[in-house]
Amino acid sequence: MSIHARAPHTRTSAAIAALLLTVTGAVAYSAAASPSAYAASTVLEAESARLSGGAVTETEHSGHTGTGYVGGFTDSHRGAASVTYTVQSAHAGAGSVKIRYANGTGSAKTLSLFVNGTASGQVSLPATDNWDSWSTVDAPVTFTRGANALALTFTSSDSGNVNLDSLTADTPDTAGPATPAPLEAESAALSGGAVAEREHGGYTGSGYVGGLTDANKGRASLNTSVESSYDGAGSVTIRYANGTGSNKTLTLSVGGKAAQVTLPATNGWSTWSTVAVPVSYAKGANALALTFTSGDSGNVNIDHLVAVPPTGPGDPGDPDPSGTGASLPFTTYEAEAGRTNASVIGPGRTYLSPASEASGRRAVTLARTGDYVEFTLTKPANAINLRYSLPDSSDGRGIDASLSVYAGGQALPDLRLTSRFAWVYGEYPYTNNPGEGKGHRFFDETRISLGRTLPANTVVRLQKDAADSAAFYTVDLLEAEETAAAGTLPSGYVSAGDFGVTPNDDQDDTSALNGALERAKSQGKGLWLPAGTYNISDHVSLSGVKLRGAGMWHTVLRGTGLKGGLFGRGGTTSVEDLMIDGQNTVRDDAGGHAAIEGDFGTNSTIRNVWIQHTKVGLWISGPTTGLRAENLRIRNTFADGVNLHGAVKDTVVSNSSIRGTGDDALAMWSDGAAVTNSAFRNNTVQLPTLANGAAVYGGNGNSVENNLISDTVTSAAGIAVSTRFGEPFSGTTTVSGNLLRRTGSLEPNWNARLGALWVYADPTRHDITQPVVLKNNTVEDSTYSGLLVTYQKQVTDLRVDGLTIDGTGAHGIEINTGGKGVFSNTKVTGTASGALNVAGGFTIERGSGNSGW
């Protein structure tokens, strides 16, 4: 038996799309608009760009677009050959470029990308089949408003020897967070011998600051001030020149908190580079100083500083003071809040850009040998989990690469990373073929037990050393924890080893596990799986039997291809203390297995289970009643994280961490029968790469309570109450106590901008006539509107109480449907397009305590 996940993101009729376009007032893309509708795309032919340093137009090889391509990136032009494109952007913000190239050398080559004169990173160009075969790679770009100079250059650190055909620039289609203007060093308050100079070229503004020499050691300083709207993590980027030939240091202080900054050597005094430094800002004015202290080596020139305060309140890894979300056993260290000498990407929300899929919309990219990011542990830890991105291979199968890791300055075993479980292409439900373009799903995770406990205050460094062969490593976050030792045989269980099931032997254990479960059940006992890895290639069936491992860090069920998972066949069952790693590399709704699926009878338990690389995490079907699923970690599934499907009753999913799903992170789908009296409660949801943080599609008396949901990517609300799929609503649906950060996004099939909270009466399906209660929810920094109520069908009993909306990219409250709603204690601030926009005949009844609208 297999499940068939719904396809919620296929196209609707052109008529419906046209109606929605009229509602949003957006550009009239067709119903078949692709996700590239997120950005304005411009194709620029290389032969029409500005060529220098030996780069020349050629026509020798076929398959190019335009009138030719650009060659000349040969070893004789190393350090000089360059192509410079001019890209116009209507808005400042994050975007990307797609580089079309040929590389018939047989091995990966590199060029360096410069954006408006500043190095953006080295771009790896994998080998193509020959010189007449062309491929593309994507690179993130932060655009300024107006003209942007984008240069691909064969620098002295590149391997070159490629041909360039074209560059497709995807610029932001809306005004995102503005890129702060540089703080020119010569305009700062200078003291202690620091002086404005103009001797060396290449600076911005009217000069740069020198005088940070040994004669002024211990006193030379630049001082300015930065305003921040929020407390939280941000960065300062320092543009400098260091022609001494060795690394030098200065001390950066923001708001009185100081850290030493390493400034690597540049290729002379007229060559400028940048270093991004994560810092913490306080709300209000922050004193910023760059000083040659007595502990520094100085002797550098400073051109300017770019200060980036936090764009919203808090980050998803931050504990929330209200207790919203899950209580988790690990501590999260965001890369952008660590110390680094590498590039910080983001913040950005442009679809198909890496920043849009990063936690907090920011990450750190290690691209050069010696690049690092490091964290100081606040608690002891003996295990870490890393969220990261590597380049894909040209055939879409991924690459493997090491990354060096140090603790307290001592080398630990390298992390073994891979991109085989990341990267998908083309249209929904996506493929593994890079030739289809639109690459995304950039990030994956890996975990490692360290074998010893690192005490609090240990500095953990991730570093790209010479043997670490990937062109880049984008580090999103590190989770560190102190795990328990592997469990031993519990009372009431029998060991699988007693039935001949042994881990770590590369044998297929499916049949043996099914037999062992039957024998354990016949003895009235549960089946215990000692520590190790068990290979499964089909369903392991559960019916009225307990299954338990030695801990989610110790017992692993590993799938084969698209197959392998636990299947409930009725009866009271428990699943505890193990990991399921499906090893899936692509979504296959018809052929793939969920990690845990089926009917789990009455009052079953799923607890302390880690799930990754499967089609779905939990797909629970009726007549399951009273299931408790808790303390789960669901990561990087290709479809839903959790789906309660059909006649599921009285079921609660709670205290779980769900991240990087390929469809709804949490869904109740009343498909053919109602999901009834069930709840998603106190979960932490991050970065569903498609669809909603949580969704209720029809049903009776269900609730979404006290969840922390952040950073939705595409076709997504933070929380949706919707008749887009499933049976009509009956009873009261409650959404209460949730915190939504940076949620909402564009639905590209409709070109519709979805809100953080979305109540949707689908025009082809059902009115929503039963009560929908939105109580004590908080929306922070919504991509579009904070609350969106749509469309054409009636929403007749909406009850909103205690809603706080703080910061939106569109309206605070946007409504386009018929019906009625009562609003009390609803506060709206910081909207881009006005606090309230109502159409469609909807009636608002205002209670007490409202403000801002």
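Criteria and cut-off values
Residues numbered from 1 in each chain as written. Predicted model: local features only at pLDDT ≥ 70, side-chain atom pairs only at ≥ 80, totals over all residues. Heavy atoms only, no water. Helix = DSSP H or I, 4+ residues; strand = E, 2+ residues; numbered from the N terminus. Rg over C-alpha atoms; globule rule 2.2 N^0.38 Å. Buried < 20%, exposed > 50% of the residue type's maximum accessible area, 1.4 Å probe, protein only. Contact = heavy atoms within 4.5 Å. Areas by Shrake-Rupley, 256 points an atom, 1.4 Å probe, with all protein chains shown as cover. Lys, Arg positive; Asp, Glu negative; His and termini not counted. Charge placed at Lys NZ, Arg CZ, Asp CG, Glu CD. Pairing = 2+ DSSP bridges. Salt bridge = Lys/Arg side-chain N within 4 Å of Asp/Glu carboxyl O. Axes fitted to C-alpha atoms, helices over the stretch in contact; angles between N-to-C directions. Phe/Tyr/Trp six-rings, centres within 6.5 Å; stacked < 30°, edge-to-face > 60°. Lys NZ or Arg CZ within 6 Å of the ring centre and 35° of its normal. 1 Å grid on protein atoms, 1.4 Å probe; cavity = no way out; pocket = protein on both sides within 12 Å on 5 of 7 lines; lining within 4 Å. Points joined across faces, edges and corners; volume = space filled by probe spheres on them. Polar contact = N/O pair within 3.5 Å; in protein donor to acceptor, adjacent residues only side chain to side chain. Expected span 1.5 Å × (residues − 1). Arc of directions from axis to C-beta. Core = buried A, V, L, I, M, F, W, Y, C linked by side-chain atoms within 4.5 Å.

A. Looking closely at the overall build of the chain. When helices and strands are tallied, the chain shows two helices and 71 strands. Against the compact-globule benchmark of 29 Å for 853 residues, the chain has a radius of gyration of 28 Å, which places it among compact chains. Overall size of the chain, expressed as C-alpha extent along the three principal axes, is 85 × 70 × 60 Å. Looking at the 853 residues of the chain, the share that counts as buried comes to 58%. The long-range fraction of contacts in the chain, counting pairs at least 24 apart against all pairs at least 6 apart in sequence, stands at 75%. Accessible surface computed for the chain: about 28900 Å², of which carbon and sulfur atoms make up 48%. If you average the places of the 59 positive and of the 76 negative side-chain charges in the chain, the two averages end up 4 Å apart.

B. Just the pairing of strand 47 (residues 642-645), in detail. Burial along strand 47 is two-sided: Val642 and Leu644 facing one way and Asn643 and His645 facing the other are all buried. Here strand 44 (residues 618-621) pairs with strand 47 via four bridges, running parallel. Counterpart to Leu618 in the pairing with strand 47 is Val642.

C. A look at the sheet that holds strand 32 (residues 459-463). Reading across the sheet, the five strands line up as 24-27-32-29-30 and stay open at both edges, with antiparallel pairing between neighbours. Bordering the open sheet on either side are strand 24 (339-340) and strand 30 (410-418), each of which pairs with just one other strand. Pairing geometry for strand 27 (residues 372-376) and strand 32, over five bridges, is antiparallel. Across the sheet, Glu374 pairs through a bridge with Arg461, a residue of strand 32.

D. Summary view of the pattern of salt bridges. For the coordinates displayed, the defined rule picks out 28 salt bridges. With a closest N to O distance of 2.6 Å, Asp781 and Arg349 form a salt bridge. Placement of Asp781 in strand 65 (residues 778-782) and of Arg349 in the loop between strand 25 (343-345) and strand 26 (363-366) is noted, with a sequence separation of 432 residues between them. Here Asp400 and Arg420 are joined by a salt bridge, their closest N and O atoms 2.7 Å apart. Placement of the pair is Asp400 in strand 29 (residues 400-407) and Arg420 in the loop between strand 30 and strand 31 (444-454), with a sequence separation of 20 residues. On the accessibility criterion, Arg420 (34% relative accessible area) is partly exposed. Connected via shared salt-bridge partners are Arg387, Glu445, Asp476, Glu479, Arg635 and Arg659.

E. Quick peek at the sheet that holds strand 10 (residues 146-153). Taken in spatial order, the five strands of this open sheet run 2-5-10-7-8, and their pairing is antiparallel. Strands at the two margins of the open sheet, each flanked by one partner only, are strand 2 (50-52) and strand 8 (118-125). Ignoring strand direction, the axes of neighbouring strands in this sheet form an average angle of 25 degrees. Relative to strand 5 (residues 82-89), strand 2 runs antiparallel, the two being bridged by three bridges. What sits directly across from Ser52, in strand 5, is Ser82.

F. Focus on the packing of aromatic side chains. The full count for this structure, using the stated rule, is 13 aromatic pairs. On the basis of an interplanar angle of 50 degrees and a centroid distance of 6.2 Å, the ring pair of Tyr333 and Phe375 is categorised as tilted. Placement of Tyr333 in strand 23 (residues 331-334) and of Phe375 in strand 27 is noted, with a sequence separation of 42 residues between them. Accessibility expressed as a relative area gives 9% for Tyr333, which makes it buried. Judged by relative accessible area, Phe375 falls into the buried class, the value being 3%. Grouped by ring-pair contacts, the aromatic residues Tyr203, Tyr208 and Trp272 constitute a single cluster. Sitting above the plane of the Phe638 ring, Arg441 keeps its charged end 3.8 Å from the centroid. The ring of Trp610 is capped by Arg447, whose NZ or CZ atom sits 4.7 Å from the centre of that ring.

G. Up close: empty space enclosed by the protein. By the definition in use, this model includes four cavities of 30 Å³ or more. In this model, the largest cavity occupies a volume close to 90 Å³. Lining the largest cavity are Val424, Pro429, Tyr430, His440, Arg441, Val586, Arg587, Phe638, Gly662, Thr689 and Leu690.

H. Highlighting unusual backbone geometry. In this model, Gly346 is joined to Pro347 through a cis peptide bond whose omega is 0 degrees. Looking at the secondary structure, you find Pro347 in the loop between strand 25 and strand 26. For the bond running from Thr790 to Tyr791, omega is 5 degrees, close enough to zero to count as cis. Of note, Tyr791 is situated in strand 66 (residues 787-801). A positive phi angle, close to 50 degrees, is found at Asn655, a residue other than glycine.

I. Structural view of the side chain of Glu445. As for its placement among the helices and strands, Glu445 is situated in strand 31. For Glu445, the side chain forms a polar contact with the side chain of Asn385, separated by 2.8 Å. A distance of 3.0 Å separates polar atoms of two side chains, one belonging to Glu445 and the other to Arg635. Look past the residues within four positions of Glu445 in its chain and what remains in contact with it is Asn385, Leu386, Arg387, Tyr388, Arg635, Asn636 and Arg659.

J. The pairing of strand 40 (residues 565-569), seen in detail. Burial analysis of strand 40 places four of its five residues in the buried class, which makes it a mostly covered element. With four bridges connecting them, strand 37 (residues 539-542) and strand 40 associate as parallel partners. Looking across to strand 40, one finds that His539 is bridged to Gly565. Summarising the sheet, strand 40 and strand 42 (residues 596-599) pair through four bridges and their orientation is parallel. Its bridge partner being in strand 42, Gly568 is matched across the sheet by Gly598.

K. Representation of helix 2 (residues 510-522) within the structure. Taking 1.5 Å of rise per residue, 13 residues should cover 18 Å, and helix 2 covers 19 Å from first to last C-alpha, within 8% of that figure. Among the residues of helix 2, Thr510, Leu513, Ala516, Leu517 and Ala520 are the ones counted as buried. End-on view of helix 2: buried residues confined to an arc of 125 degrees, all on one side of the axis. Facing away from the buried side of helix 2, by more than 90 degrees, are the exposed residues Ser511, Glu518 and Ser522. Just past helix 2, the residue Gly524 takes up positive phi, approximately 75 degrees.

L. Quick peek at the nonpolar core. Leu527, Ile596, Leu618, Leu787 and Leu798 are the most contacted members of the largest nonpolar core, which has 75 residues in total. Non-local contacts of Ile596, meaning those with residues more than four positions away in its chain, are made with Leu566, Val575, Ile580, Ile606, Val609, Ile611, Gly617, Leu618, Trp619 and Ile620.

None of the figures reported here should be taken as evidence of function without further support.
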